[in-house]
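Residue-level listing of the chains:
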Amino acid sequence: MPDNNPAPSPETGSPAAGSSGQEDRNQRYWFHILAQNTPAARNLHAAKLVDKAWQQGDRVCVVCDTMQHAEELDDLLWNFSPDAFIPHSVVPDSATTCTDPVGILLCPPVAEDWETVIILSATLPADADRFKRLALVAHNDPNVLNQARSHFKQLRALGIEPRVHDQRKR
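Residues numbered from 1 in each chain as written. Predicted model: local features only at pLDDT ≥ 70, side-chain atom pairs only at ≥ 80, totals over all residues. Heavy atoms only, no water.

(A) Seen up close, the packing of helix α2 (residues 39–55) against helix α3 (residues 67–79). Two elements in contact, α2 and α3, have axes whose closest approach is 10 Å; the angle formed by their N-to-C orientations is 55 degrees. It follows that α2 is oblique to α3 by the angle criterion. The way α2 lies across α3 gives a crossing that is right-handed. Side by side, α2 and α3 meet where Asn43, Leu44, Ala47 and Val50 of the first sit next to His69, Glu72, Leu73, Leu76 and Leu77 of the second. Of the residues belonging to the contact of α2 with α3, the class tally is 6 nonpolar, 2 polar and 1 charged. (Axes fitted to C-alpha atoms, helices over the stretch in contact; angles between N-to-C directions. Helix = DSSP H or I, 4+ residues; strand = E, 2+ residues; numbered from the N terminus. Parallel < 35°, antiparallel > 145°, perpendicular 65-115°, else oblique. Left-handed = near helix turned anticlockwise from the far one by under 90°. Contact = heavy atoms within 4.5 Å. Nonpolar A, V, L, I, M, F, W, Y, C, P; charged D, E, K, R; others polar.)

This is the structure in structure tokens:
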């Protein structure tokens, strides 16, 4: 798919009607703010995004900061759906190749390797504007929200205006 085509929204599964150019590009970037304030809620939301993107045929990675967090996500993905297995593996460093369609990364993702990137880490990849699709997920915790705001500002500096899905307003 050419880079200027709108990506399916994780919520709707269809491109935004009537969008073009910069709007198309922005349709590929989502910022999810959860009403819940727990890391478990954030992990569950990320797992739902992984499942949806993988079901749509994407190679998906989740970027996290610690092996403990990667192991929590690994356990969650093993048990996420009673009807289906989500093939995944933990990628501890950039020297490790992920052959599964889903990776839990402890290193920066390479844009050419992944179609959907989900950020749960404190650091936004320097080339975040090169990813086909990117989702930032924050739970309603002051430290995590401050980190997410920093990511949001970095995306804006790259000319990206992510679509915000603020579940706190529901």
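Next comes the rest of the description.
(B) A look at the pattern of salt bridges. A complete count under the given rule lists 5 salt bridges for this structure. One salt bridge connects Arg133 with Asp58, and the closest N-O pair in it is separated by 2.8 Å. Residue Arg133 is found in strand β6 (residues 133–138), and its partner Asp58 is found in the loop between α2 and β2 (60–63); the two are separated by 75 residues along the sequence. Arg130 is the partner of Asp127 in a salt bridge, and the nearest nitrogen-oxygen pair spans 3.3 Å. (Salt bridge = Lys/Arg side-chain N within 4 Å of Asp/Glu carboxyl O.)

(C) Structural detail: the pairing of strand β4 (residues 102–105). Side-chain alternation along β4 places Val102 and Ile104 on one buried face and Gly103 and Leu105 on a second face that is also buried. Two strands pair when backbone bridges link them, and β2 and β4 are joined in this way by 4 bridges, in the parallel orientation. From the neighbouring strand, Val63 faces β4, where its bridge partner is Leu105. Alignment of strand β3 (residues 88–91) against β4, held across 4 bridges, turns out to be parallel. Bridge pairing links Val91 to Leu105 in β4. (Buried < 20%, exposed > 50% of the residue type's maximum accessible area, 1.4 Å probe, protein only. Pairing = 2+ DSSP bridges.)

(D) Structural detail: the environment of Asp58. For Asp58, a relative accessible area of 5% translates into the label buried. In this structure, the C-alpha to C-alpha distance between Asp58 and Trp114, residues 56 residues apart in sequence, is 7.6 Å. Discounting residues that sit within four places of it in the chain, Asp58 has contacts with Ala53, Pro101, Glu115, Thr116 and Arg133. A polar contact of 2.6 Å, which involves the side chain of Asp58, links it to the side chain of Thr116. (Polar contact = N/O pair within 3.5 Å; in protein donor to acceptor, adjacent residues only side chain to side chain.)

(E) The nonpolar core, seen in detail. With 25 residues, the main nonpolar core has Val117, Ile119, Leu124, Leu134 and Leu155 as its most contacted residues. Within the residue set of this core, elements represented by two or more residues are β1 (29–33), β2, β5 (116–119), β6 and α4 (142–157). Element by element, the count of residues in this core is highest for α4, at 5 residues. Leaving out residues up to four positions away in the same chain, Leu155 has contacts with Leu124, Ala128, Leu134, Leu136, Ile160 and Pro162. Listed in part, the 21 residues of the second largest apolar core include Val50, Trp54, Ala70 and Leu77. (Core = buried A, V, L, I, M, F, W, Y, C linked by side-chain atoms within 4.5 Å.)

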